[in-house]
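These are the residues of each chain, in order.
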Amino acid sequence: MNPGLFIAFEGIEGSGKSTQQIRLAEHLERLGHDVVCTREPGGTATGDRIRAVLLDPALAELTPTTEMLLFAASRAQHVRELLRPALARGAVVLCDRYLHSSLAYQAWARRLGRDAVLAANAPAVDGLLPGLVLLLDMPVQDAFSRAAERGRLDRIEQAGRAFHDAVRAGFHAERELDPTRFCTIDATGSADAVFEQVLAAVAPRLGLVS
Ligand code: T5A
């Protein structure tokens, strides 16, 4: 059996990750691939409960360390219950955020540091890293105007412009540290233009001809 392919979509809020994840899933399913679409935090019943706590704007007192550990707890369940079994049967797993979100948001923007975040996540990921990270990159202001059209902001979206600039810089720093795993997608264009880049990045890994 072929080993599966694990692709993570990363980027700031409103950069179009979910939109591109759905497009890619539909495309690959049409080509006959077994595709699993999932997200973090969440992806399991347990993870969805943790997600509700993490995004609840009423819980303003949540400390950065609590936040980091809750993201890791959701991930621990996700890896064991969904990601590893799907990859073991040869599926293409498309995950909206994974470990590099914890690095960008908690290590860099919350300033907990990479060592702390990697240590908290080591038992969660248990060695499972994406084969490909698609970093949907765009200026924070442009992404915010897209997200703002949806109305109410969750707890992390409310963190403000400087925080989200730090998140974007955090993703850039992570890309510098692991350039072969990352592929940067210019997320400023139309959904069609962005998808062309996504497909070009994924095609060689799945042996697709364009
Ligand atoms: N988090 C997560 C951490 O802090 N640490 C972690 O370890 C993890 C895993 C998750 C929050 O948790 C944080 C990060 C987040 O703050 P979420 O609701 O899952 O919360 O947040 P996002 O993943 O950011 O989801 P969003 O829906 O906000 O952003 P997307 O998925 O990037 O954007 P998408 O596709 O929903 O598009 C947003 C809007 O823009 C439009 C869409 O139609 C939609 O209205 N759009 C475009 N418009 C114009 N041109 C394009 N190319 C467009 N593409 C999409």
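In this text the structure is predicted, and so the values were computed from the model without any measurement.

Quick notes on the rules
Residues numbered from 1 in each chain as written. Predicted model: local features only at pLDDT ≥ 70, side-chain atom pairs only at ≥ 80, totals over all residues. Heavy atoms only, no water. Buried < 20%, exposed > 50% of the residue type's maximum accessible area, 1.4 Å probe, protein only. Helix = DSSP H or I, 4+ residues; strand = E, 2+ residues; numbered from the N terminus. Arc of directions from axis to C-beta. Contact = heavy atoms within 4.5 Å. Core = buried A, V, L, I, M, F, W, Y, C linked by side-chain atoms within 4.5 Å. Salt bridge = Lys/Arg side-chain N within 4 Å of Asp/Glu carboxyl O. Pairing = 2+ DSSP bridges. Axes fitted to C-alpha atoms, helices over the stretch in contact; angles between N-to-C directions. Near = heavy atom within 4 Å. Polar contact = N/O pair within 3.5 Å; in protein donor to acceptor, adjacent residues only side chain to side chain. Areas by Shrake-Rupley, 256 points an atom, 1.4 Å probe, with all protein chains shown as cover. 1 Å grid on protein atoms, 1.4 Å probe; cavity = no way out; pocket = protein on both sides within 12 Å on 5 of 7 lines; lining within 4 Å. Sits in = over half its atoms within 2 Å of the grid points. Nonpolar A, V, L, I, M, F, W, Y, C, P; charged D, E, K, R; others polar.

**Student:** Explain helix α5 (residues 114-125) here, please?
**Tutor:** Residue pairs spaced three or four apart in an α-helix point in one direction, given the helix's 3.6 residues per turn. Of the residues making up α5, those classed as buried are Val117, Ala120, Asn121, Ala124 and Val125. For α5, the angular spread of buried residues about the axis comes to 125°, placing them on one side. Exposed and oriented more than 90 degrees from the buried face of α5 are Asp115, Ala119 and Pro123. Looking at the packing, one finds that the buried side of α5 touches α3 (64-88) and α4 (99-109). The first or second residue beyond α5 is aspartate 126, which carries a positive phi of 50°.

**Student:** It is not clear to me how the nonpolar core should be interpreted in this structure. Could you clarify?
**Tutor:** The tendency in soluble globular proteins is for nonpolar side chains to be buried side by side. Core analysis: the largest hydrophobic core is formed by 41 residues, its most contacted members being Ile7, Leu24, Leu94, Leu134, Val167, Val198 and Val202. For this core, the element with the highest residue contribution is helix α8 (residues 191-206), accounting for seven residues. In contact with leucine 24, other than residues within four places in its own chain, are Ile7, Phe9, Leu94, Phe195, Val198, Leu199 and Val202. Formed by 19 residues, the second largest nonpolar core is a distinct cluster that contains Phe6, Ala8, Leu83 and Ala107.

**Student:** What should I look at first to understand the environment of leucine 31 in this one?
**Tutor:** Within the secondary structure layout, leucine 31 lies in the loop between α1 (17-30) and β2 (35-39). For the pair leucine 31 and arginine 205, spaced 174 residues apart in the sequence, the C-alpha separation amounts to 14 Å.

**Student:** Quick question: what am I supposed to make of the pattern of salt bridges here?
**Tutor:** Side chains that differ in sign of charge can pair as their charged atoms come close. By the definition in use, this model includes twelve salt bridges. Of the charged contacts, one joins arginine 23 and aspartate 192 as a salt bridge, the two residues approaching to 2.7 Å between their closest N and O atoms. Of the two residues, arginine 23 sits in helix α1 while aspartate 192 sits in helix α8, which places them 169 residues apart along the sequence. Arginine 23 sits in the partly exposed class, given a relative accessible area of 28%. Residue aspartate 126 pairs with arginine 84 through a salt bridge whose shortest N-O separation is 3.8 Å. With aspartate 126 in the loop between α5 and β4 (132-137) and arginine 84 in helix α3, the pair connects residues that are 42 residues apart, well separated along the chain. Residue classification places aspartate 126 among the partly exposed residues on the basis of a relative accessible area of 44%. If you follow the salt bridges from partner to partner, you end up with Glu67, Arg110 and Arg155 in one network.

**Student:** What's the story with the sheet that holds strand β1 (residues 5-11) in this structure? I'm lost.
**Tutor:** Within a sheet, each strand pairs with its neighbour through backbone hydrogen bonds, oriented either parallel or antiparallel. Taking strand neighbours across the sheet as the criterion, the five strands line up as β2-β3-β1-β4-β5 in an open arrangement whose pairing is parallel. Each end of this open sheet is capped by a strand with a single partner; those strands are β2 and β5 (182-186). On average, adjacent strands in this sheet sit at an angle of 20° to one another, irrespective of strand direction. Where β2 lies against strand β3 (residues 92-96), five bridges are found, and the strand directions are parallel. Bridged to arginine 39 within β3 is aspartate 96. Contacts between α3 and the sheet are confined to β1, β2 and β3, with β2 contributing the most and set at about 160° to the helix.

**Student:** Looking at this structure, how should I read the site of the ligand?
**Tutor:** Lining the immediate environment of the ligand, one finds 26 residues, of which Glu13, Lys17, Ser18, Thr19 and Ser102 sit closest. At 2.8 Å from an oxygen atom of the ligand is found a side-chain nitrogen or oxygen belonging to arginine 97. The contact in question runs from a nitrogen atom of the ligand to an N or O atom on the backbone of glycine 189, over 2.9 Å. Here the ligand, which alone exposes 1000 Å², has 83% of that area covered by the protein. The pocket occupied by the ligand, as judged from atoms lying within 2 Å of grid points, is the largest pocket. For the shell around the ligand, the secondary structure elements donating two or more residues are α1, α2 (45-55), α3 and α4. The dominant element in the shell around the ligand, judged by the number of residues it contributes, is α4, at four residues. Classifying every residue of the shell around the ligand gives six nonpolar, ten polar and ten charged.

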